[in-house]
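Architecture and fold: a report
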Amino acid sequence: MTGSEALPYPSDEPAVISGAAARCTRLAAVAGQVVVELLVGAGQLTEAWQGQAARGCDIELQRATALVRSLVEPLHRSAAHLRAHAEVVAEARTSVDGLRRKYDDLVAAHRGETSRLLQDSELVGPLRRVFADDVLASQQAELAVVHRRHLEVLDRVAAHARLTARLVAAAAGSVLPGRSGDGSPVSARESDLVALLPLLAAARRAAGVGSSPPPPGTPPDLVRLWWAALTSDEQQRAVRGWPIAIGALGGLPAAVRSAANEHRLERDIALLLARSSLSDDDERWLESCLLVRAQLARVRATRDPDGLGPTTAQLLAFDPKAYGSEGRVALAVGDVDSADNVAFLVPGMGSDLRGALADLTGNAMRVTAAARLDSPGTTTATVAWLGYDAPGLREATLGNAAGDGADLLVADLLAVQAGSAVVPHLTVIGHSYGSTTAGTALRDRETGTDDVVLVGSPGPGVERAKQLHLPAGHVFVGASSRDPVSYLDRFGKDPAHASFGATRFQAEDPTRNAWRVDVDDHSKYFDPGSESLANIVDVVTADYADIDRAAYRGEVFLRPDGINSDPEARREPAR
Amino acid sequence: MRWHVRVQGDGLLAAGSRLEELAWLARDRLGDCARVPAGLRDPALREAVRALADLAGDLLEVLADDLDLLATKVRSGATVYDHVEGSVVRRGIG
């Protein structure tokens, strides 16, 4: 073993400690610069504005200036302590270097002495061994002295590090005016600082800062104000402290809601995995959580087709126990906050989290990826929205599932728009009974939607496209001639008829049934490479000129020869 | 009670801009605070330096919020003043 192996340096390097000192000094310089600028600004303000309100601002500025000024000296002081510690460490390293040399010299001398003894032919064997033992004992004693000195050096450095830590803590403790500077741990929260600034404190009180998040249903504008009034630390604490409330709060950026919902997701999983036994309900809960986690990972494992890195996945809504544990989830493929285009996929009957999320996420991934390829200059986020209690056949017929779902859909559409940094081109895509839910939402409420796509629709809850309150030409219909559900006319007019007033696009699938309607053809609208998917994407990216229009249906479904009367029935689908 | 109010719209706007720039400067340095303890290994020393840097970061962030608020107030005050001044001039008062 060499000296450098046997005798390590102190854990910190002088250059690193000096670097921390330099950063403290630079921060102090910035704080000093801000103080000077604040004084100039206050003078400028006083010059231009006098009166009671001006005095209020002036007092606030004076307080702010005092606050920043209180930072300058402690930072300089801390920098000096750190520099002193860096010197101590540097000296310690020099000492260690000396000890290492000494160590290596001792080892070399021992080797030389031992070698000389071995080669000395005049020494008889036993005597040679006695001499060698003496040499070894002597060397061990001398090495022990070196080790002891090395430990003393390290102890000296550790003690100085503790002293420096106390001095830096004391400096931090003296930052806020009125603090004792006794070296007690600094736990100042932003609220301590804000309390010293009356106008800011009043503004934060007015925005509701300091209490729990605003209750559900608070207008998104107020939520946004509340969020903006929090400091970044407070925002992080809110995400960790109230993940359920934050995750469901419309008006917050999608990334924030996603962070909260994912925090909740991981917390739920940890909670459930820690239990020794699970009830049936708990089993479903855990299954839902693991499925959502897997879908998020699935999206993030893909690359943006335009080469912008991993695809973003956001968990906009998550409540695994909603609707009798069927679950509520909204998973976005793409960054909703910054996307130029946002599309919501609204699924139909019987769609619940465990049964439909994987397929719906796959559809969303295809829409986002195809939109990116189709329109490389723009970004698209597609939301797999399992946000309502999708009914079974009986509930769909007898109940008001579409109306209840419409309320939830509208809330989520408005929430996305309120939290987004840009105004996205917003498309709602309803499949099957999802088109009834989407149509009901657009019929009854202001949604901010630009386009709606109805695919495989059993009726969109209205008789005419204009009842959806969109400009003419912004209601689109995809209806495969082989899809039996699309002929039902059950929840409003079949939108593939000319009299409905929508734009019908081509949606025949190459794998469609050869000659008759087939329930399998109800689920092919998002198939990879299909003309339906291409046309849906053209709507999502507002590329209206590229949409392949289809002829409208006649009023009669089956002709006397039993062949479907849809003019699309005889057209060969694009491949 | 008589209130004395004197306002120079241009001066207010300039002051508002200065406050806004300072808010930006303060916010821009938040990342520097996070980097202060980088590389330190001694646990006690690292914790103390981190606490100081956190405090500096919190202070700069609160300051930036405060300056943004003041800048908004000052700017809106200037706008109101310009509006009032315009009305006064149009009506030939004073």
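Residues numbered from 1 in each chain as written. Chains lettered and ligands numbered in written order. Predicted model: local features only at pLDDT ≥ 70, side-chain atom pairs only at ≥ 80, totals over all residues. Heavy atoms only, no water.

Concerning the overall build of chain A
- Per the secondary structure count, chain A includes 17 helices and nine strands.
- Since a compact globule built from 575 residues should have a radius of gyration of about 25 Å, the 36 Å found for chain A marks it as more spread out than a globular shape.
- Overall size of chain A, expressed as C-alpha extent along the three principal axes, is 125 × 90 × 50 Å.
- In chain A, which comprises 575 residues, the proportion classed as buried is 50%.
- Carbon together with sulfur atoms contributes 55% to the accessible area of chain A, which is approximately 25,400 Å² in total.
- Looking at charge distribution, chain A has the averaged site of its 59 positive side-chain charges lying 4 Å from that of its 74 negative ones. (Helix = DSSP H or I, 4+ residues; strand = E, 2+ residues; numbered from the N terminus. Rg over C-alpha atoms; globule rule 2.2 N^0.38 Å. Buried < 20%, exposed > 50% of the residue type's maximum accessible area, 1.4 Å probe, protein only. Areas by Shrake-Rupley, 256 points an atom, 1.4 Å probe, with all protein chains shown as cover. Lys, Arg positive; Asp, Glu negative; His and termini not counted. Charge placed at Lys NZ, Arg CZ, Asp CG, Glu CD.)

Regarding the environment of Ala356(A)
Residues and elements named next belong to chain A.
- In this structure, Ala-356 sits in helix H13 (residues 353-374).
- Overall, the relative accessible area of 14% leaves Ala-356 in the buried class.
- C-alpha separation for the pair Ala-356 and Leu-488, spaced 132 residues apart in sequence, amounts to 23 Å.
- Look past the residues within four positions of Ala-356 in its chain and what remains in contact with it is Ser-351 and Leu-386. (Contact = heavy atoms within 4.5 Å.)

With respect to the domain arrangement of chain A
- Domains assigned within chain A are domain 1 (4-173) and domain 2 (278-570).
- For domain 1 of chain A versus domain 2 of chain A, the distance between C-alpha centres works out to 62 Å. (Domains from an automatic or database assignment.)

Examining the interface of chain A and chain B
- Contact with chain A, which involves 57 residues of that partner, is made by 45 residues of chain B.
- The largest share of the area that chain A buries against chain B comes from Leu27(A), Ala48(A) and Gln50(A), three residues that together contribute 12% of it.
- Applying the counting criterion to the chain A and chain B interface returns one salt bridge.
- Ionic pairing is found between Arg18(B) and Glu37(A), a salt bridge with its closest N-O pair at 2.7 Å.
- Inspection of the chain A/chain B interface yields eight residue pairs in polar contact (both at pLDDT 80 or more).
- For the side of chain A that touches chain B, the secondary structure elements donating two or more residues are helix H2 (14-48), strand E1 (49-50), helix H3 (52-119), helix H4 (125-173), helix H5 (190-194), helix H6 (198-207) and helix H8 (232-241) of chain A.
- Taken together, the residues of the side of chain A that touches chain B break down into 36 nonpolar, 14 polar and seven charged. (Buried area = accessible area lost by both parts, 1.4 Å probe. Salt bridge = Lys/Arg side-chain N within 4 Å of Asp/Glu carboxyl O. Polar contact = N/O pair within 3.5 Å; in protein donor to acceptor, adjacent residues only side chain to side chain. Nonpolar A, V, L, I, M, F, W, Y, C, P; charged D, E, K, R; others polar.)

Quick look at helix H10 (residues 254-274) of chain A
All names here are of chain A.
- Spanning 21 residues, H10 covers 30 Å between terminal C-alpha atoms, matching the ideal 30 Å at 1.5 Å per step.
- Three or more residues of H10 are buried, namely Ala-254, Val-256, Arg-257, Ser-258, Ala-260, Asn-261, Glu-262, Arg-264, Leu-265, Asp-268, Ile-269 and Leu-272.
- Here the buried face of H10 lies against helix H7 (220-228), H8, helix H9 (243-247), helix H11 (280-300), strand E2 (313-319) and helix H15 (401-419). (Expected span 1.5 Å × (residues − 1).)

Considerations on the sheet that holds strand E3 (residues 328-333) of chain A
Residues and elements named next belong to chain A.
- A sheet is described by the order of its strands in space; here eight strands give the open sequence E2-E3-E5-E4-E6-E7-E8-E9, paired in mixed fashion. Each having just a single partner strand, E2 and strand E9 (503-505) make up the two edges of the open sheet. Strand-to-strand, the axes of this sheet are offset by a mean angle of 20°, without reference to chain direction.
- Across six bridges, the pairing between strand E4 (residues 341-346) and strand E6 (residues 425-431) is parallel. Bridge pairing in E6 links Val-342 to Leu-426. (Pairing = 2+ DSSP bridges. Axes fitted to C-alpha atoms, helices over the stretch in contact; angles between N-to-C directions.)

Side note on the side chain of Gln314(A)
All names here are of chain A.
- For Gln-314, the position within the fold is in strand E2.
- The buried category is assigned to Gln-314, whose relative accessible area is 4%.
- Within the local environment of Gln-314, its side chain forms a polar contact with the side chain of Asp-335, the two groups lying 3.1 Å apart.
- If we ignore the near neighbours within four places in the chain, the residues touching Gln-314 are Ala-254, Ala-255, Ser-258, Leu-296, Ala-330, Leu-331, Ala-332, Gly-334, Asp-335, Val-336 and Asp-337.

Observations concerning the pairing of E3(A)
Residues and elements named next belong to chain A.
- Within E3, six of the six residues are buried, which leaves the element mostly enclosed by the surrounding structure.
- Across six bridges, the pairing between E2 and E3 is antiparallel. Counterpart to Ala-313 in the pairing with E3 is Val-333.

As for the packing of aromatic side chains
Residues and elements named next belong to chain A.
- As enumerated under the stated definition, the model contains four aromatic pairs over all chains in all.
- Ring geometry for Trp-226 versus Trp-227: centroids 5.8 Å apart, planes at 50°, classification tilted.
- On the accessibility criterion, Trp-227 (9% relative accessible area) is buried.
- Ring centres of Tyr-433 and Phe-491 lie 5.2 Å apart, and the angle between their planes is 85°; this geometry places the pair in the edge-to-face category. Pair noted here: Tyr-433 is in helix H16 (residues 433-444) and Phe-491 is in the loop between strand E8 (475-478) and E9, with a separation of 58 residues, a long-range link.
- Of the residues examined, Tyr-433 reaches a relative accessible area of 2% and is grouped as buried. (Phe/Tyr/Trp six-rings, centres within 6.5 Å; stacked < 30°, edge-to-face > 60°.)

What about the side chain of Asp352(A)?
All names here are of chain A.
- Mapped onto the elements, Asp-352 comes out in the loop between E4 and H13.
- Notably, Asp-352 is buried but unbridged: the nearest opposite-charge side chain belongs to Arg-354, and the N-O separation is 4.9 Å.
- The residues contacting Asp-352, other than those within four sequence positions of it, are Glu-326, Leu-357 and Leu-386.

A look at a nonpolar patch on the surface
- Nonpolar side chains collect at one region of the surface, where Val124(A), Leu127(A), Val130(A) and Phe131(A) lie side by side and expose about 330 Å² of accessible area between them.
- The residue Val130(A) is located in helix H4 in this model. (Patch = residues over 30% accessible without salt bridge, like charges linked within 9 Å, V, L, I, M, F, W, Y side chains within 5 Å.)

A closer look at the environment of Thr503(A)
All names here are of chain A.
- Of note, Thr-503 is situated in strand E9.
- Judged by its relative accessible area of 9%, Thr-503 falls in the buried class.
- It is 46 Å that separates the C-alpha atoms of Thr-503 and Arg-240, two residues lying 263 residues apart in sequence.
- With residues near it in sequence (within four places) discarded, Thr-503 still touches Gly-473, Val-475, Phe-476, Val-477, Arg-549 and Tyr-552.

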